[in-house]
Amino acid sequence: MGGQVVAERAEVRTFGPGSVLWEEFGLWTSAFAGQSAFLLQVMHPSIGTVVDQLSSFRRDPVGRARRSFASVQTWIYGGETAIAEGRRLREMHKDLKAVDESGTTHHALAGEPWAWVHLTGFQAAASAARYFAPDKWTDEYADRVYAEFLDLGRILQVPERLLPPTVADYRAYFDHMVEDVLVDHRVAHDVLDMMDKVPPNVPRALRPALAPLHRGVGSLGRLVATGTLPPAARDKLGLSWTPAEDRALKAVGRVISRTTPLLPERVSYMPIAYRAREAARANARLADALAHRPL
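Calculation criteria
- Counting restarts for each chain: residues are numbered from 1 in the order of the written sequence.
- Whole-chain, interface and lining totals are the exception, using all residues; otherwise, since this is a predicted model, local features are given only for residues with pLDDT of at least 70 and side-chain atom pairs are given and counted only at 80 or more.
- Computation of side-chain values: all heavy atoms of the structure, hydrogens and water removed.
- Secondary structure is summarised from DSSP: a helix means a run of H or I of at least four residues, a strand means a run of E of at least two, and numbering begins at the N terminus for each.
- Two things to know: the radius of gyration comes from C-alpha atoms, and the globule rule equals 2.2 Å times the number of residues to the power 0.38.
- The buried label applies to any residue whose accessible area, calculated with a 1.4 Å probe on protein chains only, is under 20% of its type's maximum; exposed applies above 50%, and partly exposed to all values in between.
- What makes two residues a contact is simply this: any of their non-hydrogen atoms within 4.5 Å.
- Each accessible area is a Shrake-Rupley result for a 1.4 Å probe, and residues are judged covered by the shown protein chains and nothing else.
- Two residue types count as positive, namely Lys and Arg, and two as negative, namely Asp and Glu; His and chain ends fall outside the count.
- To locate a charge, take atom NZ for lysine, CZ for arginine, CG for aspartate or CD for glutamate.
- We define a salt bridge as a contact between a side-chain nitrogen of Lys or Arg and a carboxyl oxygen of Asp or Glu at a distance within 4 Å.
- Take the number of residues in a helix, subtract one, and multiply by 1.5 Å to get its expected span.
- This arc describes the spread of directions from the helix axis toward the C-beta atoms.
- Pairing of aromatic side chains here covers Phe, Tyr and the six-membered ring of Trp, requires ring centres within 6.5 Å, and sorts the geometry by plane angle: under 30 degrees stacked, over 60 edge-to-face, intermediate tilted.
- Here, over-ring charges are defined by two tests on the NZ atom of lysine or the CZ atom of arginine: distance to the ring centre within 6 Å, and angle to the ring normal within 35 degrees.

Participant: How should the overall build of the chain be read in this particular structure?
Facilitator: Across its full length, the chain carries 15 helices and two strands. Here the C-alpha radius of gyration of the chain, 20 Å, is about what a compact globule of 295 residues would show, namely 19 Å. Expressed as lengths along the three principal axes of its C-alpha atoms, the size of the chain is roughly 70 × 50 × 45 Å. The buried share of the chain, taken over its 295 residues, is 42%. Taking the intrachain contacts of the chain between residues at least 6 apart in sequence as the baseline, contacts between residues at least 24 apart amount to 73%. Approximately 15,800 Å² of the chain is accessible, and the part contributed by carbon and sulfur atoms is 59%. Here the chain holds 36 positive side-chain charges and 34 negative ones, and the gap between their average locations is 8 Å.

Now the structure itself:
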């Protein structure tokens, strides 16, 4: 029994410098892919029902987003803490369940929805790359990213049998999920509707001043979220996507992809990612100093 546990534990690999997720997914621009992933997630009947009844996304959308981003950053930049975070999330979700209008009980930790939450991230990244990094997303690069997503799934304790082994297998799985499992869930529409509105927990005195900012940022967020949804999911939600909107999103993508490399790392990376990258460089300098110390 002890040997079996060691073998299973050895398959869980964390991330470090040189991996694609380490280099790319700590950037603030990676957050652009997050909303389309969330939309895909809540279109799953089980996830949509649990989020609808138990999530804080309506009353505290900013707080929910901050917690989600911090968790995702921990998966990638946390080292051994990433594995602990995976266990924490499983523990947090194990008792979450909700009953829909038809009387069906949905469990947050059921295998299919738990895997879907994780696997939507790869689709969102691939879709965002069409607008923000079209030259980078080659077949070889996609294979590298997907291999790391499989490692990430193991950190989150997604059952191995629910992880499609290759990108081709993933595409078949994803098309099946969109076509046969996802639904036009009201939570997805609520998410879109809330994007350009001031969160309800903002003090009343501040709301008029913040409203124009939220309208501008929310309009951009809705453009990115809608544009990076796969067409079949967009159609299922009854969302339109015009050539003019596509051109606008491509223009936004060009501006962001050209300006991001010019920004200081402290600005372009989220806080946990920046600190992890800073610490990795410090550890590398220490290792070099120790390797070359006088003997």
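Read on for the rest.
Participant: Explain the pattern of salt bridges to me, please; I cannot follow it from the model alone.
Facilitator: Pairs can form between side chains of opposite charge once their charged atoms are near each other. Inspection of every chain in the model, using the stated rule, returns 18 salt bridges. The shortest N-O distance in the salt bridge between Arg186 and Asp52 comes to 2.4 Å. Of this pair, Arg186 sits in helix H10 (residues 186-194) while Asp52 sits in helix H4 (residues 45-54), and the two are 134 residues apart along the sequence. Here Arg186 falls in the partly exposed class, since its relative accessible area comes to 47%. Between Asp190 and Arg58 there is a salt bridge, and its shortest N-O distance comes to 2.7 Å. Separated by 132 residues along the polypeptide, Asp190 in helix H10 and Arg58 in the loop between H4 and helix H5 (61-77) bring together distant segments of the chain. A relative accessible area of 30% places Arg58 in the partly exposed class. The structure contains a network of salt bridges with shared partners spanning Asp52, Arg58, Glu101, Arg186 and Asp190.

Participant: Please explain helix H9 (residues 167-181) as it appears in this structure.
Facilitator: Spanning 15 residues, H9 covers 20 Å between terminal C-alpha atoms, matching the ideal 21 Å at 1.5 Å per step. Among the residues of H9, those classed as buried are Val167, Tyr170, Tyr173, Phe174, Met177, Val178 and Val181. All buried residues of H9 project into a common sector of 130° when viewed along the axis, lining one side. Exposed side of H9, more than 90 degrees from the buried face: Ala168, Ala172, Asp175, Glu179 and Asp180 are the residues found there. In this fold, the buried residues of H9 make contact with helix H3 (32-42), H4, helix H7 (111-132), helix H8 (139-155) and helix H12 (231-237).

Participant: Hey, could you run me through the packing of aromatic side chains in this one?
Facilitator: Any pair of aromatic rings gets described here by the distance separating the centres and the angle formed by the planes. Counted by the stated rule, this structure contains 13 aromatic pairs. Ring geometry for Phe122 versus Tyr146: centroids 5.0 Å apart, planes at 70°, classification edge-to-face. Of this pair, Phe122 sits in helix H7 while Tyr146 sits in helix H8, and the two are 24 residues apart along the sequence. Neither residue differs from the other here; Phe122 and Tyr146 are each classed as buried. Geometrically, the ring pair formed by Phe122 and Phe149 is edge-to-face, given 5.8 Å between the ring centres and 75° between the ring planes. With Phe122 in helix H7 and Phe149 in helix H8, the pair connects residues that are 27 residues apart, well separated along the chain. Taken together, Phe25, Trp116, Phe122, Trp137, Tyr141, Tyr146, Phe149, Tyr170, Tyr173 and Phe174 form an aromatic cluster joined through their ring pairs. Its guanidinium or amino end placed over the ring of Phe38, Arg64 lies 4.2 Å from that ring's centre, counting from NZ or CZ.

Keep in mind that these numbers describe shape and distance, not what the molecule does.
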